[in-house]
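Architecture at a glance
As a plain string of letters, each chain reads:
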Amino acid sequence: MDDAPHIARAFLDVAVSATGRRWVGPTGEDDRLSEAMAQTTGLPSPVCRILVRRGVTAEGAQGFLAPTLRDLMPDPRSMLDMEPAAARIVAAALGRQKIAIFADYDVDGGTSAALLITWLRDFGIAPTLYVPDRIDEGYGPNDEAMAMLAKSHDLIICVDCGTLSHGPLAAAQGADVVVLDHHLGGETLPPAHAVVNPNRQDESGDLAHLCAAGVVFLCLVEANRQLRGAQAKTPDLMSLLDLVALGTVADVAPLVGVNRAFVRQGLTMMARRQRPGIVALSDVARMDTAPSSYHLGFLLGPRVNAGGRIGKADLGARLLATTDPREAHSIAERLDQLNTERRDIENQVRDAALEQAEARGFDAPLVWAAGEGWHPGVVGIVASRLKEKTNRPAVVIGLDGDTGKGSGRSVSGIDLGAAIQRCAAEGVLLKGGGHKMAAGLTVARDQLEDAMARLSDLLAKQGAGDIGPADLKVDGLLMPGAATVELIEQIEQAGPFGAGAPAPRFVFPDCTITFAKHVGANHLKITFGDGISARIDAISFGAMDGPLGPMLMNHAGARFHLAGRLEVNEWQGRRSPQLRLEDAAPAS
């Protein structure tokens, strides 16, 4: 008897697409459940397909489409150390004690710091903000900074960092330290008044999807609860959800559970344009439509990050916390400029890293590259590019003197953070930590090859070397005439879309290309239709750098299956459907 596992037939028989991927569509059971849901709920069939693939039942459909904090908010006290952490912050606020916030330099750290600064402002307290320099100090608390802050502060709150900082927290003599973090914890906790972290080893893991901004928000919910118990005034928390949404999306936290409500309601709050920093940043990014998770991840997030990557580390947090529109405008313009510089630096490092990694081979369990003077602020982004190209965990390291600082990104099913943490524990890395999908490390130059070999071995044991090209998952067929603005708006109700909840991808079958143009540096714009009447515009970013763009540019009248994600294009007051094209295959 043949015991080989059954491999489902490729969707539309596309086993190797233009980008080398196999298309995987809904199962027969998915189709049956989608049809039943459409009949029961009256929702459009494409929306039902999305809900079924998310594991939503017909009974739960309406609740899923309208996520609320009331329904999805966990009890903050379900997290270890939450009550003492909130109580210490409340005592400091009511006692007008001196408070310092030690924040990471990324968007999650910046939004977390801004949450606390805004909340404390209601008590007339202006805390000290300390964000370490990425190059001079590196990630997380350090002995010198913590000792310095402890001399003049009663309480130090570490946000988006601190869980593995045993030595630096011990150096904070004379001050209490509260850690609000989400990075993977070690076997022991650092010396602190409280460590609130859903990824502590002794936690249940039920809230492991929270980013630091989410943890901080839940801490403030608990703080407000304690204030109400003491019959004291409580700051408004709902107005802070725009910050929580930005941190959640930009830190690539899975959009599941309460994160869906954070982002959905945070976007609604953001659309009111009440926070000067986000308004200024939206304006310099030329956002002229209602904010979406795409805007948070690809327009606002990179600009907030730019300060920590190649500029002054505290710019992002200061922007998000300020109440002065003029200061916000000035910082936003500076961050926009830094983001442009960051892109230029990133492109140079990316090209060199790709060349080096390709020479080493893309089939190993770990794809890695290291270079002299590569800017530590862009190695994480370049690691993401390597990961996307190879569907392998990737690490990129910038060497400087006797050491190298690097960043890694992983693929689904491979816990990179745990592997890097083990390498640090074994001594082959000087420092290392993070979470499943992203991690940072510091390595001695003379141990670089050995460290990467050991990391590769650990990842191989998780199956990283056996991963083939990523399948392209599609949610079903759609005809051009059915792709209306109304349908797209109904689909968006199943969002927000992002990490852990990808935007639905549809295939338009057997289409003719009526217009194709190379636009910008490497993008492709086409118009396609069903050969009868309906036509849709499509844009494919970066398509001309790979096989997809040239194939469609030189279509010679051939017909294609086209796969991508639908969006509404707004131009000069006109709204029309547009496909963000990701892949194609000949319709033969």
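The paragraphs below set out a description of the structure included in this document. Chains are numbered independently. Their residues run from 1 in the order of the written sequence. Given that the model is predicted, a residue must reach a pLDDT of at least 70 before its local features are reported, and side-chain atom pairs must reach 80 or more before they are shown or counted; all residues, however, enter totals for whole chains, interfaces and linings. Water and hydrogen atoms were dropped before computing side-chain values, which therefore reflect all heavy atoms in the structure.

**Thoughts on the sheet that holds strand 2 (residues 99-103)**
- With parallel pairing, the five strands of this open sheet are ordered in space as 3-2-4-5-6. Both outer strands of the open sheet, strand 3 (128-130) and strand 6 (194-196), are each paired with one neighbouring strand and no more. Mean inter-strand twist for the sheet, computed between neighbouring axes without regard to direction, equals 15 degrees.
- Any two strands with at least two DSSP-identified bridges between them are counted as paired. For helices the rule is a DSSP run of H or I covering at least 4 residues; for strands it is a run of E covering at least 2, with both sets numbered from the N terminus onward. For strand 2 and strand 4 (residues 155-159), the ladder comprises five bridges, and the chain directions are parallel. If you follow Ala103 over to strand 4, its bridge partner there is Val159.
- Running over the sheet, helix 6 (residues 107-121) touches strand 2, strand 3 and strand 4 and is turned about 165 degrees from strand 2. Working convention: axes come from line fits to C-alpha atoms, limited for helices to the stretch in contact. Angles between N-to-C directions cover 0 to 180 degrees. Note on contacts: a residue pair is in contact if any heavy atoms of the two residues lie within 4.5 Å.

**Topic: the packing of aromatic side chains**
- Geometry of aromatic contacts follows a simple scheme: Phe, Tyr and Trp rings, the Trp one being its six-membered ring, pair when their centres are within 6.5 Å, and the pair is stacked under 30 degrees between planes, edge-to-face over 60, tilted otherwise. Counted according to the given criterion, the structure contains five aromatic pairs.
- On the basis of an interplanar angle of 25 degrees and a centroid distance of 5.2 Å, the ring pair of Phe102 and Tyr130 is categorised as stacked. Here Phe102 is found in strand 2, whereas its partner Tyr130 is found in strand 3, with 28 residues between them in sequence.
- Here Tyr294 and Phe298 contribute two aromatic rings whose centre-to-centre distance is 5.1 Å and whose plane-to-plane angle is 25 degrees, an arrangement assigned as stacked. Of this pair, Tyr294 and Phe298 both sit in helix 13 (residues 293-310), four residues apart, which is roughly one turn of the helix.
- Charge-over-ring contacts are defined here by two conditions on Lys NZ or Arg CZ: a distance within 6 Å of the ring centre and an angle within 35 degrees of the ring normal. Arg260 extends its terminal NZ or CZ atom over the ring of Phe64, reaching a point 3.6 Å from the ring centre.
- A cation over a ring is seen here: Arg580 above Tyr294, with NZ or CZ 4.9 Å from the ring centre.

**Some remarks on helix 5 (residues 82-94)**
- Look at helix 5: 18 Å from first C-alpha to last across 13 residues, which is about the 18 Å you get at 1.5 Å a residue.
- When a residue's accessible area, from a 1.4 Å probe over protein chains only, is under 20% of the maximum for its type it is buried; when over 50% it is exposed; and in between it is partly exposed. Turning to helix 5, its buried residues number three or more, namely Met82, Ala85, Ala86, Arg88, Ile89, Val90, Ala92 and Ala93.
- Of the residues one or two after helix 5, Arg96 is the one with positive phi, at around 50 degrees. What a helix should span is 1.5 Å times the count of its residues minus one.

**What about empty space enclosed by the protein?**
- The method works on a 1 Å grid over the protein atoms by themselves. A cavity is a set of points holding a 1.4 Å probe that cannot get out, a pocket is an open set with protein on both sides within 12 Å along at least five of seven lines, and residues with an atom within 4 Å of a point line them. Grid points are joined across faces, edges and corners, and a volume is the space filled by probe spheres set on the points. A full pass over the atoms with the stated rule returns one cavity of 30 Å³ or more.
- When its volume is computed, the largest cavity comes out at roughly 50 Å³.
- As for the largest cavity, its lining consists of Asp104, Tyr105, Asp106, Gly109, Gly110, Val131, Val304, Gly308, Ala313, Asp314, Gly316 and Ala317.
- If you list the elements that add at least two residues to the lining of the largest cavity, you get helix 6, helix 13 and helix 14 (315-321).

**Some remarks on unusual backbone geometry**
- Backbone torsion omega between Gly495 and Pro496 reads 5 degrees, so that peptide bond is classified as cis.
- With respect to the secondary-structure elements, Pro496 resides in the loop between helix 19 (485-492) and strand 13 (506-519).
- Although it is not a glycine, Arg286 adopts a positive phi angle of roughly 60 degrees.
- The topology assignment puts Arg286 in the loop between helix 12 (276-284) and helix 13.
- For Arg286, a relative accessible area of 62% translates into the label exposed.

**Things to note about the environment of Thr527**
- Position of Thr527 relative to the elements: it lies in strand 14 (residues 523-529).
- Overall, Thr527 belongs to the buried group, its relative accessible area being 13%.
- Between the C-alpha atoms of Thr527 and Phe515, which are twelve residues apart in sequence, the distance is 5.0 Å.
- In this structure Thr527 touches Thr512, Ile513, Thr514, Phe515, Arg535, Ile536 and Asp537, once residues within four positions along its chain are discounted.
- Side-chain atoms alone can form a polar contact between residues adjacent in sequence; in general such a contact is a pair of N or O atoms within 3.5 Å, and within protein one must be able to donate a hydrogen while the other accepts it. Of the polar contacts made by the side chain of Thr527, one reaches the side chain of Asp537; its length is 2.8 Å.

**Considering the pattern of salt bridges**
- Salt bridges are defined as contacts in which a side-chain nitrogen from Lys or Arg sits within 4 Å of a carboxyl oxygen from Asp or Glu. This structure, assessed with the given rule, holds 29 salt bridges.
- Here Arg88 ties to Asp176 by a salt bridge, and the two come within 2.7 Å at their closest N and O atoms. Residue Arg88 is located in helix 5, and its partner Asp176 is located in strand 5 (residues 176-180); the two are separated by 88 residues in the primary sequence.
- With relative accessibility at 11%, the residue Arg88 sits in the buried group.
- In this structure, Arg342 and Glu346 form a salt bridge, with 2.4 Å as the shortest nitrogen-oxygen distance.

**Re the sheet that holds strand 17 (residues 574-586)**
- Taking strand neighbours around the barrel as the criterion, the five strands line up as 13-14-15-17-16 in a closed arrangement whose pairing is mixed. Averaged over all neighbouring strand pairs, the angle between strand axes comes to 45 degrees, with direction disregarded.
- Helix 19 rests against strand 13, strand 16 (559-571) and strand 17 of the sheet, and its axis sits at about 75 degrees to strand 17.

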